[in-house]
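Tertiary structure, described
Residues per chain, in single letters:
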Amino acid sequence: GAGVSQSPSNKVTEKGKDVELRCDPISGHTALYWYRQSLGQGLEFLIYFQGNSAPDKSGLPSDRFSAERTGGSVSTLTIQRTQQEDSAVYLCAWGGDGSYNEQFFGPGTRLTVL
Amino acid sequence: GESVGLHLPTLSVQEGDNSIINCAYSNSASDYFIWYKQESGKGPQFIIDIRSNMDKRQGQRVTVLLNKTVKHLSLQIAATQPGDSAVYFCAENIQDSNYQLIWGAGTKLIIKP
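No experiment lies behind these values; they were computed from the predicted model shown. (Residues numbered from 1 in each chain as written. Chains lettered and ligands numbered in written order. Predicted model: local features only at pLDDT ≥ 70, side-chain atom pairs only at ≥ 80, totals over all residues. Heavy atoms only, no water.)

Below, the discussion takes up the nonpolar core. Residue and element names in this part refer to chain A. One finds Trp 34, Leu 46, Ile 47, Leu 77 and Tyr 90 to be the most contacted residues of the largest nonpolar core, which totals 20 residues. Contributing elements (two or more residues each) for this core: strand S3 (19–24), strand S4 (31–37), strand S5 (43–50), strand S6 (65–69), strand S7 (75–79), strand S8 (88–95) and strand S10 (109–113). Looking at which element gives the most residues to this core, the answer is S8, with four residues. (Core = buried A, V, L, I, M, F, W, Y, C linked by side-chain atoms within 4.5 Å. Buried < 20%, exposed > 50% of the residue type's maximum accessible area, 1.4 Å probe, protein only. Helix = DSSP H or I, 4+ residues; strand = E, 2+ residues; numbered from the N terminus.)

The following block contains the structure:
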C-alpha cells in the first residue's frame, strides 16, 4: 500500500512475550485504523484513531492489546503476553476521513507466536 | 452484528474470460460499498467503489453492480489476466454516520492458463 509503511514485516515471537508493531502512514490524514487478518479470513477491526479524538477501541479482543498514536502520525500496536491465537497479519490503514470511507492499507506485519 | 459476504469461496476462471465475484450484504442502511483486491503477502488495495444512488459503475476492466432490492453487490472483471489472481473483498459503510467499514470474508480468484 502506497504511503503506509509497517514494521517489522515479519515477527516471530514466543508465547508470553510482548510485541510492538509499528505503522507509519502518510502525514496529513487524520484517520488511522488497525485490523487483524487471520489466514484465509477477512479483516477484523481492532482500533480507530481520528485526529485528537479518543480512539475507538471497541475491536480490541482483550486487554492484552493496546495502541497509541503519537503526533497524529505514527501508531504502535502492542500485544502483551502473546498467545498462539494472536498469530495473524496485522494491517494498518489510513483514510476514511472524508465523506466516504475509502481506506489505504500498508503491507502488514505477519506475527507468528510459537 | 451486521455482516457482508460470510464465506470465502474460490472462483476459477480461464484466462481471457470475464470474472464475476458476488457479495451479499445485510445492512439495508448501508449506502457506500467498496471492492478491494488483496494479493498474496500484501495489504488490500482499493479497486472501485459505488454509492447507493447508483446501480452500476465502471472502471478500467472492472464494473461494480449494485442491486439494493436484493442487497447484492458484484464485481465484474473483463478479460481476466494472471495478475488478477487475488482475494477480493467487498466492504460496506453507512456514509457520514459510521466510519467503520464492514468487511466480507473475501473470494479467492484463481486464473487458469
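From this point, the narrative continues.
Residues and elements named next belong to chain B. By the bridge criterion, six bridges tie strand S2 (residues 19–24) to strand S7 (residues 72–77) in an arrangement that is antiparallel. Considered in S7, the bridge of Asn 22 is made with Ser 74. The sheet contact formed by strand S6 (residues 62–67) and S7 spans six bridges and is antiparallel. Counterpart to Leu 65 in the pairing with S7 is Ser 74. Hairpin connection, S6 to S7: the antiparallel pair is bridged by four residues, and Lys 71 has positive phi, about 55 degrees. (Pairing = 2+ DSSP bridges.)

The next subject is the state of the cysteines. Residues and elements named next belong to chain B. Under the criterion given, the structure shown has two disulfides over all chains. For Cys 23, the disulfide goes to Cys 90, at an S-S distance of 1.7 Å. Here the S-S torsion is close to 50 degrees, and the disulfide linking Cys 23 with Cys 90 is therefore right-handed. Pair noted here: Cys 23 is in strand S2 and Cys 90 is in strand S8 (residues 86–93), with a separation of 67 residues, a long-range link. The residues Cys 23 and Cys 90 share a single accessibility class, namely buried. (Disulfide = S-S within 2.5 Å.)

Every contact between the two is made by 23 residues of chain B and, on the other side, 20 residues of chain A. The junction of chain B with chain A conceals about 1,800 Å² of combined surface from both sides, 53% of it contributed by carbon and sulfur atoms. Where chain B meets chain A, there are zero salt bridges. Summed over the shared surface of chain B and chain A, the result is three residue pairs in polar contact (both at pLDDT 80 or more). Elements with a contribution of two residues or more to the side of chain B that touches chain A: strand S3 (32–38), strand S4 (45–51) and S8 of chain B. Top element by residues in the side of chain B that touches chain A is S3(B). It accounts for four residues. Partitioned by chemical class, the residues of the side of chain B that touches chain A number 11 nonpolar, eight polar and four charged. (Contact = heavy atoms within 4.5 Å. Buried area = accessible area lost by both parts, 1.4 Å probe. Salt bridge = Lys/Arg side-chain N within 4 Å of Asp/Glu carboxyl O. Polar contact = N/O pair within 3.5 Å; in protein donor to acceptor, adjacent residues only side chain to side chain. Nonpolar A, V, L, I, M, F, W, Y, C, P; charged D, E, K, R; others polar.)

Right, let's talk about the sheet that holds S7(B) for a bit. Residue and element names in this part refer to chain B. Spatial ordering of the open sheet is given by S2-S7-S6-S5, a layout of four strands whose pairing is antiparallel. What marks the edges here is a single partner per strand, and that holds for S2 and strand S5 (56–58). Pairs of neighbouring strands in the sheet enclose a mean axial angle of 15 degrees, with direction left out of account. (Axes fitted to C-alpha atoms, helices over the stretch in contact; angles between N-to-C directions.)

Evaluation of the coordinates by the stated rule reveals 12 aromatic pairs over all chains. Between B:Tyr36 and B:Trp103, the ring centres sit 4.8 Å apart and the planes meet at 40 degrees, which makes this aromatic pair tilted. Of the two residues, B:Tyr36 sits in strand S3 while B:Trp103 sits in strand S9 (residues 102–103), which places them 67 residues apart along the sequence. Neither B:Tyr36 nor B:Trp103 differs from the other in exposure class; each is buried. Grouped by ring-pair contacts, the aromatic residues A:Tyr33, A:Tyr35, A:Phe45, A:Tyr48, A:Phe105, B:Tyr36, B:Phe46, B:Phe89 and B:Trp103 constitute a single cluster. (Phe/Tyr/Trp six-rings, centres within 6.5 Å; stacked < 30°, edge-to-face > 60°.)

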